[in-house]
Each structure stands twice: as structure tokens, then as C-alpha cells.
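Structural overview
Okay, here's what each chain looks like letter by letter:
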4 protein chains.
Amino acid sequence: MIQFQCDYNEGAHPRILERLMETNFCQTVGYGMDEYCDHARALIKEACKSPDADVHFLVGGTQTNATVISSILRPYQGVVCAETGHINVHETGAIEHSGHKCLAIPAQGGKISAKQILQTFANYYAEGDQEHMVQPAMVYISFSTEVGSIYTKQELTDIYAACRKYDAPLFIDGARLGYGLASPECDLTLPEFASLCDVFYIGGTKVGALFGEAVVITNPALKKDFRHFIKMNGGMLAKGRLLGIQFETLFTHNLYFEVAKHANNLAMKIRNAFKAKGFNFLMDSPTNQQFPILTNNQIEQLKGDFLFSIWQKMDDEHTAVRFCTSWGTKPENVDKLLAAIEKL
Amino acid sequence: MIQFQCDYNEGAHPRILERLMETNFCQTVGYGMDEYCDHARALIKEACKSPDADVHFLVGGTQTNATVISSILRPYQGVVCAETGHINVHETGAIEHSGHKCLAIPAQGGKISAKQILQTFANYYAEGDQEHMVQPAMVYISFSTEVGSIYTKQELTDIYAACRKYDAPLFIDGARLGYGLASPECDLTLPEFASLCDVFYIGGTKVGALFGEAVVITNPALKKDFRHFIKMNGGMLAKGRLLGIQFETLFTHNLYFEVAKHANNLAMKIRNAFKAKGFNFLMDSPTNQQFPILTNNQIEQLKGDFLFSIWQKMDDEHTAVRFCTSWGTKPENVDKLLAAIEKL
Amino acid sequence: MIQFQCDYNEGAHPRILERLMETNFCQTVGYGMDEYCDHARALIKEACKSPDADVHFLVGGTQTNATVISSILRPYQGVVCAETGHINVHETGAIEHSGHKCLAIPAQGGKISAKQILQTFANYYAEGDQEHMVQPAMVYISFSTEVGSIYTKQELTDIYAACRKYDAPLFIDGARLGYGLASPECDLTLPEFASLCDVFYIGGTKVGALFGEAVVITNPALKKDFRHFIKMNGGMLAKGRLLGIQFETLFTHNLYFEVAKHANNLAMKIRNAFKAKGFNFLMDSPTNQQFPILTNNQIEQLKGDFLFSIWQKMDDEHTAVRFCTSWGTKPENVDKLLAAIEKL
Amino acid sequence: MIQFQCDYNEGAHPRILERLMETNFCQTVGYGMDEYCDHARALIKEACKSPDADVHFLVGGTQTNATVISSILRPYQGVVCAETGHINVHETGAIEHSGHKCLAIPAQGGKISAKQILQTFANYYAEGDQEHMVQPAMVYISFSTEVGSIYTKQELTDIYAACRKYDAPLFIDGARLGYGLASPECDLTLPEFASLCDVFYIGGTKVGALFGEAVVITNPALKKDFRHFIKMNGGMLAKGRLLGIQFETLFTHNLYFEVAKHANNLAMKIRNAFKAKGFNFLMDSPTNQQFPILTNNQIEQLKGDFLFSIWQKMDDEHTAVRFCTSWGTKPENVDKLLAAIEKL
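Right, let's walk through the structure included here. (Residues numbered from 1 in each chain as written. Chains lettered and ligands numbered in written order. Predicted model: local features only at pLDDT ≥ 70, side-chain atom pairs only at ≥ 80, totals over all residues. Heavy atoms only, no water.)

1. Digging into the overall build of chain A
The cut-off we apply is this: Secondary structure counts use DSSP, requiring at least four H or I residues in a row for a helix and at least two E residues in a row for a strand, with both numbered from the N terminus. Based on C-alpha atoms, the radius of gyration is set beside the globule rule, defined as 2.2 Å times the residue count to the power 0.38. Note on classification: 1.4 Å probe, protein chains only; a residue is buried when its accessible area is under 20% of the maximum for its type, exposed when over 50%, partly exposed between these limits. What makes two residues a contact is simply this: any of their non-hydrogen atoms within 4.5 Å. In this description, accessible areas are obtained by the Shrake-Rupley approach with a 1.4 Å probe, and a residue is regarded as covered only by the protein chains that are shown. Counting rule for charge: Lys and Arg are taken as positive, Asp and Glu as negative, and neither His nor the chain ends is counted. Note on charges: their place is set at NZ of Lys, CZ of Arg, CG of Asp or CD of Glu.
A tally of helices and strands in chain A yields 14 helices and 13 strands. Here the C-alpha radius of gyration of chain A, 20 Å, is about what a compact globule of 344 residues would show, namely 20 Å. The principal-axis extents of the C-alpha atoms in chain A amount to approximately 60 × 55 × 35 Å. Here chain A holds 344 residues, and the buried ones make up 68% of them. Relative to all contacts within chain A whose residues are 6 or more apart in sequence, the contacts with residues 24 or more apart total 72%. Taken as a whole, chain A presents about 11,700 Å² of accessible surface, with 51% of it coming from carbon and sulfur. For chain A, the distance from the average site of its 31 positive side-chain charges to the average site of its 38 negative ones is 3 Å.

See below:
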């Protein structure tokens, strides 16, 4: 059975395991204060051209989202997000558990717009009895989004301007940042991206690492005591070096974006194969996740040999499914999938 | 500089890294539902002689404590613990963040007694206006404790009886469980231990793994929807297999206890060396942490070559310090420390 | 200026103030354990024909909603409610502050249906990875709703059956219960109502009292330690007798429903006056809140003499507004409003 | 049975009820934005000589404590308080429910000292790994304390200086502020008191009102969006006028302090009677609560005619009990108690 159901089917890029082997007996202090973490932080700040940013390493995405958001909001404030946003639908209420409402607005292809954001804030401030309502106070978007789409430079510029108009920090969930920035359709560089938000994270779990997310805080107002938040939220790894070593490796010789390109290239092959056969898609995704719409019969046909996700029922006959590629996807497995698509 | 300041100075036992290498390209489903996790769960249940237990893997200790405790308590209830308990002093209020009060009682050598626990519950139920006070509803202890001590079989039996008298689950923090059970002074086996509480965890981070804690729930009443709690608390690792592979390895050929014995043996050498020179200890610890009391001068003398923790100031002249050994401590490094102790 | 903008413009029904005067120097114990509260509880249980119910008195609605909901849900669970539900829009995130997500579904005229509820639960249980999503675990509705509508006996019967199918308690916000049950269009008695949910409250603040809400818990599984929840949530009034005296008065000689009828009758006059002039309504409400749609000019015309709420902009020219009556509305003030409507 | 067990046995000072009657049919807007509240705020600011303070009205003490504290702290921060502090022992964990740890320090006669506060902060900042511990970030004291004692001007000046040294707001629980400031042994005026902290409240519930606490925020940094906190915590009374009318009355013709003096005078009579008979006290209280130590027999003797609180067991034979007076205590009832004391 060949697995395409998610982008964390395999372990880590081999160079990462090698580095873990090489450093295994080196002694370091704990909790991310070691030299590997220091080096990884330096490499990331350089890659982002953000010399004054604070960089912190956490283990996973849900934890990172809850930690960042709870570090920004006061108790009566909420986070504006897409209805399809990961924090709104797939984190078992981690944001609400930390006391905050997700102020979800309708998404178009996984994205929300500057106009919607402006409207949300304007509605709140237009009402008389503001103290009776959750105050929108930050904005959360994903890049690439949960359905593979990416914001253009113009869209992101507009969103950031909208946020600044209302003094609301913009936080970007970059669990799949590599796939987004490495997409052939992306018109943003990492430094540009870093300059168009207040805090974001560079996802490692889905882009070559065993696990790990690197939070980059560019807005000085959001930096204070962030390590307390990490610890309180259970995200401070005792052997923090493991995160340092992984991000050091990913940000050496551009490995992070190399693995992302590998995945995107294979995803484009899958996209093209479905397109060539005339299939429709839930979303025209330029990244490592592809969402073709299949008939129930076609799903049956494919699922003998391949694992993929059932994403969204379209009607009684049709369902959108998800195929993911990753740093670890083997080209020969994609070839087998292409052959199967050909036969549908 | 030779490091003894904690038990997570190094990476992981080499067999673990080997297994990660071997399995790196195997494809699995995520979130701990893979075959490595299944196998690790089976091995742990067998080692505990608890065939009906539920076993879950989390990443770190603070996260595990907060997750287990918040899965047991109702909002107005608190957890009885030692004043020196990790949850009470070194988790940045993670328990309070989840809404619960630590009902801390004085510890003797890191331990609390059945008598104290009974008194705490009796005091609560003796008062008339119970609804004005936090209701004690579970008990948390550590094994080995934060200062290296261990409970005897009799002590644990009495504590568990006290808990059951008040229908209060007993949760044991086993971040250093291996070192405790492998101590020459321990009169408990793992199955006995597992039968004397409602839920506990087997610490991996400090006992040979890169990271990871295995929660073992023996009380059926505490099992429901525990995976929801893990996810909500940000503890569900996407590549859950990493935890399965590590615990599979640790519970094969008794590796978990082998590495613990290694650490304990070296710690006993350090203990004996200090004892032979007439030093006093904060605690007479039979496990991998040793707390000799040194003069300021002696601390200065040692800290040129060794890293160790400043633990507790005793008076203007004396301070208790901590030396830890681990699975990864090299005997030659201990020999160097012994030589230095000899010269104090 | 004559005020119709809410149903708490005045103090309390005069009989309540008289009783407070009469009892002012009587000494009682605190926190709702006094004889007035005991008597009020007995009267309410009798009125509900629920001899085994638990009855508790709290001060206000938001507090009551947060207290009841947090007493029912486990941390990873959420409450299904209408998008227009008070808890979802006008409580400054009190539910999220207690850790729970409002699982809001579209409302029709302020109401949700059994079908929608069944679908919400079915969707949750149909998905594979339930632990990644907030678990729907109770249902909240309002009676009368935030826009004045009421559920029929059949609708409520169906909703309760849907809840029981999924073992999800049904909680009814009765801040305006009196106006709902006293409506000429209501086909439910109080005992029937009480038998069609697990917990509800009888609103006093908006129906004749100075303040106060009486929670009636009919489902035995929800009774345990409820007083702890009240205290923890800051809802336990020191001089609890004040609540007892008020509800005692309201449930003597049917006063509670008398005042509701008074308000409804006056509201019907307002409704008929607008209808007679051909106005449309946001909702055809059979209770004390009326939502006619006016032009901007008409609003200007009325607002010199009357205070009313701007409720919802319909288009550039039209806005739905709210007129409320209450136990304290004077018929001569309604007559003045009718005259003004006549002139529109 | 004559009741002395608490200071909220009766209703409210008659002038308050009269004013509620007089204003009952006046129409006002809700939520504390009415003219009675405005007037009460002005009177309180004048009495405090704090023209720039923000004044807010809440219903009860536990609610007020939780609201103020959660408005000040960030999630990983805690509140320094006495072990005997109300928030630490008698609020069912309301502070922990809002996510914060009570950093309790030993009390002497209900009070804590500047020295202890300085030491608590110094200990925190002396440790290396601050992010592993709850950060002390504000201080809570009660005036008068839970056992009737009061701070001197010098003590309060020193405490406030200690707080400012660490930028930690000082919050004073004034549930019994009237009794404290009106004590013959108090060397502080209300304006002095107001200038020696950042936020405090003027307790109404125990000092003449039906209910109500007036929060006075003098530190501008703590004012922002406080009404959101009130609403979110369920403390915003719909008919906010009820609080305005009560505090307006209490701060007219010095009524607040008149009723406090009445209670203190009667309490001094009780104190003197016990002293004259050679009784010891748990505390030498100069306010309305008295804590004589009685034998079990003496308790039996008194409890046929009087209700009082069992406070603290001293040994097998002796128990400290509490007698409270209030605005409503009748001199003739005190005379009966004095006669009974005489016979002990």
C-alpha cells in the first residue's frame, strides 16, 4: 500500500538523522539554550533577513498555535480566522481551552481577504455595546492553507495593512510554509513574507524534520516572556537540541526549500495527470496537497493500492479526496499513481 | 567541561537512533495509530502485567502532567501534591492554566505520606461550607521524586488505600520511573507499581529516549476520550511512530531498566565518594540524582571542570548541589569527578 | 423620553420591594441556605411539577449560562447553539473563557431544529479522527429566543429526542421564559416545558425581579456539586435570601406569569399597530420583543420621543429595530407609541 | 436565636431600600451606564480624592477578585497573597479557574509584610530558569483582613513601595474596607488608602448594602477594557442602577462610615467583655470581627441562644470562634450577648 494520505508518512530527511547520530553523545544544556539551537536561530534569522527577530522552537503545530495565540490575546479577545482554519476545526478546541474564541469568517479556497478582515473589525467597533462581544484582536491565516492554496504578495500586503489599521497582530501558521514558498506560483520570498506579518512559524514536521516548528517573532511587542508561554503550554522540549539540530540542518544548503520543491514537483505531476483526464478539483492547489473530485467507483478503484484522505463529500456520487506528497515521497510511487490515474 | 547538571544532557541510547534509521522510509499513518505504537503498547502492557491498561504516548513531562490531571478533575477540584512536586514549582503554572489548584502539602525528602493525604481530605470534608473551598479530588506523587527519593511498597500501598478511601485517583509522575524501580533500594516491581495507582507514566526523556512519556491508565474510569485530551493539550505528535519506535526499543531486551541501572550505578559511586569524604547530603538518594552539600569554596573548585546544578542554599557558607547521571553518562567522566571529589 | 429599548428599564415589581422591606431585619444564614430560598425552591418545584429537581439561584444570565455549561462539559467538549444564541454573540466569550467552544449552527428566526442538531452530531461521529475535533456534547437553546420567537411543543419534543439520542443534555436559557410561556401562541405549560429538557432557568431579571435567575436541574446526573460551580464562577450571593425572597414573591399568586402577560399584551398592541400600517418585521414575534423594519426617516421621527434598539441593518434605507415591553411598561406610554406609529 | 456568625445576616440599611422604592419606576439604560451610577462614581472619586480613577460596580467579592486579578495578569503570572487570603482559601479556586496560581506566603495575624513580598520577588528573579516557574506579578492583600486586622499607614506604604520596586500592581480586597478605615486604631484616611495601591474595592455587601462592590482603579495602566472583563466574568448587572443607587446612598452624608462605626462600636463591646473575663483571642482585632478562644463547654453554653462561627481548633479543649457585628446589629442583641459572656 502506497501512502499519500498526509505529509508526515515517513520519518525525516536522512541528513537530519545523520546529524542526530553525529551529535548524540555531545553534552549540552537543556530547553533550547544550547549551541545547536543558537546556530539554528542565527541561520533562520539570516534566511528571513530579520536580524532582530526572536526565534523559538516548539514540537508541534497545535501546540504552537495555542502558545502563540495565548501569548498575544487578553482574556476577552478573540482571533479572526477562516472557517476552514486549522485552529477552528482540527485542534479539539485548543484555542478555546486557552480561553479564546475563534472568530471564524467564510473562506474562499482556504483563504480570507483584507476586505473581510476590515469588515469584521469595523462591525465590532460600529456596535455600541462592545463590552458584550468578544473583541477581535489578532488575525490568523495559514500559508500554504489547509487546502493547499497560497496568498499572493498583494493579498498578503493588503491583509497586513488591514491588521495594522486595527493594531491587530497578524500570525501566520506556516506548518506548510516550505511548500507554499517553494511553489512555482508563489511571488513571495521568505524575507518578504517575514516582513508582512508580526509572527509566523516555519513548519518542520511536514517539511523534512522528524518534528518541530520554528516560531519567528518579528514584532518586538510580542516577544516578552515567550519562553514562559512555551513552558506553561507544555511545549518546551527538555532536549531542545533536537530541534536545534534539525533546523540547523534544514537551513544549511537550502535543504528546507529543496525538500519542499521535491514534494511540489511530484504534486504537480499528480495534478497534471488528473487534469489531463478531465477531472475537476475542490481547489486548484499549486502546492503539495491535491484535491481532485472522484466518483465513488474511482475511489474504490484507487484505494486497493493507495492510501489517500477522503476530504469532502460533493454529492451522492462525488467526493473530493486529498493526495499529499512530502520530502519523502518516492518518484516511483508517484509513477505508479499516475499509471492508476491513467486507467480511471 | 563535563556535564552532570541534568539527566538529559545527551541524545538517545544508540539502539533508538539505529531503529529510527532503519524505519525512516517506512510509511505509516499518523498520530500514534501505527504498528510501532501498537507494538510498544503491547510490550508495555506486558511489562506492567496490565493487559487491560490503556497506553498513550506523549512528548514531555509538563504536558503529560497537565493532560492527565485535566482529564481527571472537574473544574472546581484540585490535586493534592507535595510542596516540592514538579507540578507545584517547575511547570510555570501549567496545572493552574488548565484551571486547577495544586493543594500542596509539606514534603519530607520529596515524599508525602498516607497520613497527610488522609488529613487533607478529612479537613475538607469536616468543614461545613465545602462549596467555598477547592475540593481535593486526586493525588499526585513522583517516583523517583524530584530529589531522588523513592516510596517503599508499604508507603505506596498506604497512599493508594488513602486515595481509594476518598475515591481520589492516584497519579504517579514517572519521569524518572526507571531510575526509581532500578534502584538497589527499591522493593517494588513494575507490575506491583502499576497495581498501586490509577494512572502513571513511564518517562522516556530522562531514561534513554530522545523524548517521550508513556501514560499507562489502569483505572477504566479514567480512559474515556483520553486522546481528545492529548490533542487539545498539544501533545499528539503527528509522526507518533517516533514515540512508538522509541518505547518499542526501550521495552525490548529490558533496555529501559538496563540504562537506568547504568545511571544508578554511576550515581552510587558519586554518592560513596562524597560520603567517604564526610560530606552531608540534602537527601540520601538511592537513585541517579545526588545532592551533596558543599561549601562555596568547594563549588568554585569543582565548577571549572564540571557542570552541576545549584539546588538549595543551606546557609551563607553551604549550598546543596545536584549531580545527575543518565543512560549516557560515561564512566570515565565519573572517574574524573571522583578524582576531583577526592581533592576537595 | 419613553424607554422601550430593553426589558430591564425599571426596578422590580412593587410586591418584591415590599417583601424586601418587610424582611429586612430578619436574620438569616447566607449563601442561599435560608428559609426564604427553601420556600422559593419548593414553590418552583411545585410550579414545574418536578418534585425531585434541584433549584439554585444565581444573579444574572451570562453567569448562569457559563456556570451551567461548564458544569456539564468536559474540557474538550463544546455546546451546540444557534449562531444568534446569546452565549455565541453577547457574552464576551464567557463560554470560551471557561474553555469551551460554541458550536454555532445557522438559526431560523432565532431557532434551531432537531434535524440540524442530529446532523451536527452525525457529522462529528461520521468523521474518522474525532479526537481532532471539538466533541458536541450538549445543546443550548433560548426560550423565548433572542428575537422573541418560541418553540412549539412538537419542536421541543423533537429537539429533546435528538439530544437524548446522543446522550447530550439539553439546556434552555429562560432569561425570558415568562414571556415565552405566557405568549398566546405558546402551546406548552411550565411542567411540560420542564419535562422536555435536562436543565433550564427561570429568568427573573427581565420578568419582574430586581435581578436573579432560578436554575432548575431535572436530570439527576447534572446535580452533583453544582454549588461549587456557582461559587467558583462568582455567582453565589452572600445575602442569598434576596434571591429567595424575590422568587418566593414571583411564584406566589402566579405573579411571574401575570407580569409576563402584562408585557405580552402591550407588545401585541405594538405589533398590531405596526402591522396595521403595513410594516414588515424581522421576525413575527409572539412575545414581549417586537422587531419592525423602519426606514431611516421613520427612525429619526420616532427617536425624539422614544428609546428603542437599533437591531439589524437590512439595506441602505431600512433597519430592523427592537421595541421591548416588560412587567413595568405603563399602558399610557404604549398609547403614546401607538399614536406615534399612526403618524409614520 | 440571635445571629453573629457573619456580617451579612440582615438586608440593607433602610435608606437604601427607601431609595430603591423612590426610583423603582424611573427608566434608565442598563449595565451601569445610567445616571445613578454616574453620580455614585462621582461621589466615590470625591471621597477618595482620586478624580482620575475609574470606578466600576460589581455584585460580589469572589467575582470582583477574579475579575480584577484576571484583568492584570498574563497567563503565566501569579498573584502573591497571604496563605489565609480569601482568594487562596474560600473562593473554590476561582483564581485558578481563571488560570492563575495563588503564590501564598505565611500570614501573621492575617497580614503579610513588605519584607516577605520583596523576598518572594527576589527569590524568583534570583533563580536562573525563570521560565519554569510562575512569575509573581501582582500582590493581593485584604483590608481589614479575613481575621479583622488592619495594616498601618507605614506597613501599607512599605508594601506599596515593595510592589513598585518590582512593577507589580497592588490590589486590595476591601470587602470590609469600611470596618477597617472606621476602626479607632486605623491611622489611614480613604484618600491616603487610595493613594497607596493600584486598585481596590469598596465592599458594600458587608457594609450596609444589599450587595455590591465598587472597584476603584487608580493606576491608568489597569483601566483598559475593564468592562469587558466584568461582562466576561458574569459580573455586569443588567439593572446596573441597583448598584449605583446603593453606592450613591452609602456615599451621601457619610453613611458608609457611619454604619461601619456602628458595627465597630458594638464589636469593641464584645471584645471588652471577653477581655474583662480573661479570655484569649486568636487575633486582637480592632474591627467588626472578634475571635475569642473558648472551651468546648463554653461554646455549648452560648450556642443555645447565639449563632457564631467555629473558626479554628486550637487544641482538644479550645477553639477560636468568630462573632461578627454589622451595620444591622441591634444593640439590645449585643447586650444579651454581653450578659451571656458575663455568665461564662
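2. Quick look at the interface of chain D and chain B
What counts here: Note on definitions: buried area is the accessible-area loss of two parts on being combined, 1.4 Å probe, summed for both. Between Lys or Arg on one side and Asp or Glu on the other, a salt bridge is scored when a side-chain nitrogen of the former is within 4 Å of a carboxyl oxygen of the latter. Here a polar contact means two N or O atoms within 3.5 Å. Within protein one must be a hydrogen donor candidate and the other an acceptor candidate, and residues neighboring in sequence count only if both atoms are side-chain atoms. Three categories are distinguished: nonpolar for Ala, Val, Leu, Ile, Met, Phe, Trp, Tyr, Cys and Pro, charged for Asp, Glu, Lys and Arg, and polar for the others, with Gly belonging to the last.
Taken together, the contact pairs 18 residues of chain D with 18 residues of chain B. Three residues, Thr92, Glu96 and Lys101 of chain D, lead the burial of chain D against chain B; their summed loss comes to 39% of the area buried on that side. Glu96 of chain B is paired through a salt bridge with Lys101 of chain D; the nearest N and O atoms lie 2.7 Å apart. Between chain D and chain B we count 10 residue pairs in polar contact (both at pLDDT 80 or more) in total. At the level of secondary structure, the elements contributing two or more residues to the side of chain D that touches chain B comprise α4 (86–89) and α5 (94–97) of chain D. Here the residues of the side of chain D that touches chain B are counted per class, giving six nonpolar, eight polar and four charged.

3. Overview of the relation of the copies chain D and chain B
One copy of the chain maps onto the second through a rotation about an axis and a displacement along it. Put simply, the test is: Copies overlap after least-squares fitting; the atoms used are the C-alpha atoms of residues with pLDDT of at least 70 in both.
Expressed as a screw transformation, the operator carrying chain D onto chain B has a rotation angle of 180° and an axial translation of 0.0 Å, and the superposed copies differ by an RMSD of 0.0 Å. The transformation relating the two chain copies, once decomposed into turn and shift, fits a two-fold axis. The overlap is high: 100% of the interface residues of chain D also sit at the interface in chain B, so the same surface is used on both sides.

4. What to know about the interface of chain A and chain B
In this complex, chain A contributes 50 residues to the contact, which on the side of chain B involves 50 residues. Interface area lost by chain A to chain B is led by Tyr8, Gln27 and Lys239 of chain A, which between them contribute 17%. There are zero salt bridges connecting chain A and chain B. Elements supplying a minimum of two residues to the side of chain A that touches chain B: β1 (2–3), α1 (14–22), α3 (61–72), α5 (94–97), α10 (226–232) and α11 (241–250) of chain A. Top contributing element to the side of chain A that touches chain B by residue count: α1 of chain A, with four residues.

5. Points about the sheet that holds strand β4 (residues 102–105) of chain D
Residue and element names in this part refer to chain D. Definition in use: Two strands make a pair as long as DSSP finds a minimum of two bridges between them. Only C-alpha atoms enter the line fits that serve as axes; for helices the fit covers just the stretch in contact. Angles between N-to-C directions range over 0 to 180 degrees.
Strand order in the open sheet made by the seven strands is β2-β8-β7-β6-β5-β3-β4, with mixed pairing throughout. Strand pairing shows two members of the sheet lacking a second neighbour, β2 (54–58) and β4, which therefore form its edges. Sheet twist, expressed as the mean angle between neighbouring strand axes with direction ignored, is 25°. Pairing of strand β6 (residues 170–173) with strand β7 (residues 199–203) involves two bridges; the strand directions are parallel. The residue bridging Phe171 from the neighbouring strand is Val199, located in β7. Against the sheet, helix α6 (residues 114–126) makes contact with β3 (77–82), β4 and β5 (135–142), and its axis sits at roughly 165° relative to β5, the strand it touches most.

6. A few points about the side chain of Asn333 of chain C
Its place among the elements puts Asn333 of chain C in helix α14 (residues 331–342). Judged by its relative accessible area of 14%, Asn333 of chain C is buried.

7. Let's talk about the packing of helix α12 (residues 255–276) of chain B against helix α14 (residues 331–342) of chain B
All names here are of chain B. Basically, it comes down to this: Angular relationships are summarised with four words: roughly parallel below 35 degrees, roughly antiparallel beyond 145, roughly perpendicular across 65 to 115, and oblique for the angles in between.
Close contact between α12 and α14 brings their axes to 9 Å; oriented N to C, the two are set at 10°. Taken together, the axis directions place α12 and α14 in an arrangement best described as roughly parallel. Within the contact between the two elements, α12 uses His262, Leu266, Lys269, Ile270, Ala273 and Phe274 and α14 uses Pro331, Val334, Leu337, Leu338 and Ile341. Looking at side-chain class alone, the contact of α12 with α14 contains nine nonpolar, one polar and one charged residues.

8. Observations regarding the state of the cysteines
To be explicit about the condition: In what follows, a disulfide is any cysteine sulfur pair within 2.5 Å.
Per the stated rule, a full pass over the model turns up zero disulfides over all chains. No disulfide involves Cys186 of chain A; its sulfur sits 13 Å from that of Cys197 of chain A, the nearest cysteine. Overall, Cys186 of chain A belongs to the buried group, its relative accessible area being 15%. Of all cysteine sulfurs, the one in Cys6 of chain B lies closest to Cys324 of chain B, which takes part in no disulfide; the gap is 6.5 Å. For Cys324 of chain B, a relative accessible area of 2% corresponds to the buried category.

9. Overview of the relation of the copies chain A and chain B
Structural alignment of chain A on chain B gives an RMSD of 0.0 Å, achieved by rotating through 180° and translating 0.0 Å along the axis. Most of the interface of chain A is mirrored in chain B: 100% of its interface residues are interface residues there too.

10. Structural notes on the environment of Ala182 of chain A
Residue and element names in this part refer to chain A. Considering the arrangement of structural elements, one finds Ala182 in the loop between α8 (177–181) and α9 (190–195). Sequence separation of Ala182 and Arg15 is 167 residues, and the distance between their C-alpha atoms is 20 Å. Discounting chain neighbours no more than four positions away, the residues touching Ala182 are Phe257, Ala260, Lys261 and Asn264.

11. A closer look at empty space enclosed by the protein
In this approach the atoms are scanned with a rolling probe the size of a water molecule, which exposes any empty space left behind. Residue and element names in this part refer to chain A. Heads up, the rule is: Throughout, the protein atoms alone are placed on a 1 Å grid, and a set of points is a cavity if a 1.4 Å probe fits but cannot get out or a pocket if it is open with protein on both sides within 12 Å along at least five of seven lines; lining residues have an atom within 4 Å of a point. Grid points are joined across faces, edges and corners, and a volume is the space filled by probe spheres set on the points.
The tally for this structure, following the rule as stated, stands at 14 cavities of 30 Å³ or more. If you trace the largest cavity, you find 30 residues lining it, with Gly60, Gly61, Thr62, His86 and Lys206 closest to the centre. Considering only residue class, the lining of the largest cavity consists of nine nonpolar, 13 polar and eight charged.

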